[in-house]
Amino acid sequence: MGNTLVNSQLNDVKGFLSKTISTLEDFLNETTITQLHKENEEERSYTKLIFSNLRKLIVYSEEGLDACSVIFQSEPFQKAAAEKILYKIYHQCIEEFFAPKNDAWYEDSRSAYTGRNSIKFYRNVPDSIEQLLISLEGEFQRIREELEYYETDYRTKMIQSK
């Protein structure tokens, strides 16, 4: 891929990460588990798991945003480093959103064919959490489609260099 395309994708991802961080921080700063669950301990534990994953997603997004900023500050533009960062963002942010390691929720891949949201929860969750993930899903899906190229391309380059 040319420098211009990679630069453009990196800039797009940088904007996406900034918006995602802001949305998640606003939600987590304004919402407490106690507000959402007053009595049911099982639901409370599940909500803690979801909040934990959302905080992890913020950290990964901030790391990716910082890496994007470093690349944009360097002259000349370092295409290989930018591609490596996009690959890392794909794995840490995008895949973590759709398939969190702690199984807080999962992606129903059949939903893509029905036009419904693909994020599903194992238990009932408060509407505010569900609405948060619905509001983020479209942009995560768009960025996933943009960055899927790096999944195969970067792995191919790593295998060929060995």
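Fair warning: this is a prediction, and the values are worked out from it, not measured in the lab.

Moving on, we come to the packing of aromatic side chains. Two numbers describe a pair of aromatic rings. These are the distance of the centres and the angle of the planes. Enumeration over the complete set of coordinates arrives at seven aromatic pairs. With a centroid separation of 4.9 Å and 40 degrees between ring planes, the pair formed by tyrosine 106 and tyrosine 122 is classed as tilted. Of this pair, tyrosine 106 sits in strand S1 (residues 105-107) while tyrosine 122 sits in the loop between strand S2 (119-121) and helix H6 (127-161), and the two are 16 residues apart along the sequence. An aromatic cluster is defined as three or more aromatic residues linked by ring pairs; in this entry it consists of Phe16, Phe97, Phe98, Trp105, Phe121 and Phe140. It is arginine 144 that lies over the ring of phenylalanine 98; its NZ or CZ is 3.8 Å from the centre.

Note that the residue after glutamate 75, namely proline 76, is joined by a cis bond; omega there is -5 degrees. You can see proline 76 is positioned in the loop between helix H3 (41-73) and helix H4 (79-98). At aspartate 103, a position not held by glycine, the phi torsion is positive, near 55 degrees. Tracing the chain through its elements places aspartate 103 in the loop between H4 and S1.

Attention now moves to the environment of lysine 14. When you line up the elements, lysine 14 lands in helix H1 (residues 3-30). Note: C-alpha distance between lysine 14 and aspartate 66 (52 residues apart in sequence) is 8.8 Å. Sequence-distant contacts of lysine 14, defined by excluding residues within four places in its chain, comprise Leu65, Cys68, Ser69 and Phe72.

What counts, and at which threshold
Residues numbered from 1 in each chain as written. Predicted model: local features only at pLDDT ≥ 70, side-chain atom pairs only at ≥ 80, totals over all residues. Heavy atoms only, no water. Phe/Tyr/Trp six-rings, centres within 6.5 Å; stacked < 30°, edge-to-face > 60°. Helix = DSSP H or I, 4+ residues; strand = E, 2+ residues; numbered from the N terminus. Lys NZ or Arg CZ within 6 Å of the ring centre and 35° of its normal. Contact = heavy atoms within 4.5 Å.

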